[in-house]
Amino acid sequence: MADHGWLGPIEWAAKASARPGENICGDKLIAVDVDGTGALIGVLDGLGHGAEAAEAAKRGVDVLRSGRAEPLEELVQRCHRALLGTRGAAMTLAHINFRSDTLRWIGVGNVAADLVAKHPAGVEVRSSARLAGGIVGYRIPEALTPQEVPIRPGDLLVMASDGIVEDHLDGIDFSASSLTIADQILHTHAKGNDDALVLAARHRGASG
């Protein structure tokens, strides 16, 4: 599965694959405009794999689409309430503000998110989302506080479900499109025993 597009100055793309032998991926993405001034981007990993995992993640995506302008911490709470009775999900969300060039992110569970940039030595990890323990729809921390970091033209946001190995940031080709980058990470770093999803979002500058 591949999906891609533009949100203001952000060129984004995602690639996903179901667990080998299955045809339903329990990992889902959100990438939507927020009032023309920002973007909500995220990855939801339904617990386990298959149809029930996909249903939990899809329910979360529906909540996020309808409430996209809400603060991130409120969105997590809304998803938590909506996913009660499902398998639950891990999720990491990011809001990019086009006007201030800031990124706010929040995560529950093990969906990794890193803001990286090209560096003479390879890849510079500028910041990584701090992930809280828990499962959305089962148990989450009482207090969740998003982090805020600057994002600049050329920066690349990479989100990956736990079907991707931890060293997936090695060897990123910054000259490639977001779609190619997502495809390369999925192809090279998928564990091969779980659903997997990679989302790459590049800040292309004011001119897009």
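Quick look at the nonpolar core
In this structure, Ile41, Leu103, Trp105, Leu157, Met159 and Leu199 are the most contacted members of the largest nonpolar core, which totals 28 residues. For this core, the secondary structure elements donating two or more residues are strand 2 (10-17), strand 3 (27-34), strand 4 (38-46), strand 5 (89-97), strand 6 (102-108), strand 7 (112-119), strand 11 (156-160) and strand 12 (196-203). With 4 residues, the top contributor of residues to this core is strand 2. Those residues within four positions of isoleucine 41 in sequence are excluded, and the remaining contacts are Leu7, Ile10, Ile30, Ala31, Thr92, Leu93, Ala94, Ile96, Leu157, Met159, Leu199 and Ala201. Among the nonpolar cores identified, the runner-up in size contains 24 residues, and Leu40, Val61, Leu83 and Met91 belong to it.

Regarding the side chain of threonine 92
Note that threonine 92 resides in strand 5. Classification of threonine 92 as buried rests on a relative accessible area of 0%. From its side chain, threonine 92 meets the backbone oxygen of valine 111 in a polar contact 2.7 Å long.

Concerning the pattern of salt bridges
Pairing of side chains with opposite charge becomes possible as their charged atoms draw close. By the definition in use, this model includes 10 salt bridges. Residue lysine 15 pairs with aspartate 183 through a salt bridge whose shortest N-O separation is 3.3 Å. Remark: aspartate 183 occurs in helix 3 (residues 178-189) and lysine 15 occurs in strand 2; sequence separation between them is 168 residues.

Some words on the packing of helix 1 (residues 51-66) against helix 2 (residues 72-83)
Packed helix pairs are characterised by how far apart their axes lie and by the angle those axes make with each other. Two elements in contact, helix 1 and helix 2, have axes separated by 9 Å at closest approach and are oriented at 140°. Considering their axes alone, helix 1 and helix 2 lie oblique with respect to each other. In this structure, helix 1 meets helix 2 at a crossing whose hand is right-handed. Contacts between helix 1 and helix 2 pair Ala56, Arg59, Gly60, Val63, Leu64 and Ser66 from the former with Leu75, Arg78, Cys79, Ala82 and Leu83 from the latter.

Looking at unusual backbone geometry
A positive phi angle is found at aspartate 35, which is not glycine, with a value near 60°. Positionally, aspartate 35 belongs in the loop between strand 3 and strand 4. In this model, aspartate 101 sits at a positive phi of 50°, which is unusual for a non-glycine residue. Taking the relative accessible area as the measure of exposure, aspartate 101 reaches 26% and is therefore partly exposed.

Definitions and cut-offs
- Residues numbered from 1 in each chain as written.
- Predicted model: local features only at pLDDT ≥ 70, side-chain atom pairs only at ≥ 80, totals over all residues.
- Heavy atoms only, no water.
- Core = buried A, V, L, I, M, F, W, Y, C linked by side-chain atoms within 4.5 Å.
- Buried < 20%, exposed > 50% of the residue type's maximum accessible area, 1.4 Å probe, protein only.
- Helix = DSSP H or I, 4+ residues; strand = E, 2+ residues; numbered from the N terminus.
- Contact = heavy atoms within 4.5 Å.
- Polar contact = N/O pair within 3.5 Å; in protein donor to acceptor, adjacent residues only side chain to side chain.
- Salt bridge = Lys/Arg side-chain N within 4 Å of Asp/Glu carboxyl O.
- Axes fitted to C-alpha atoms, helices over the stretch in contact; angles between N-to-C directions.
- Parallel < 35°, antiparallel > 145°, perpendicular 65-115°, else oblique.
- Left-handed = near helix turned anticlockwise from the far one by under 90°.

Keep in mind these numbers describe shape, not what the thing actually does.
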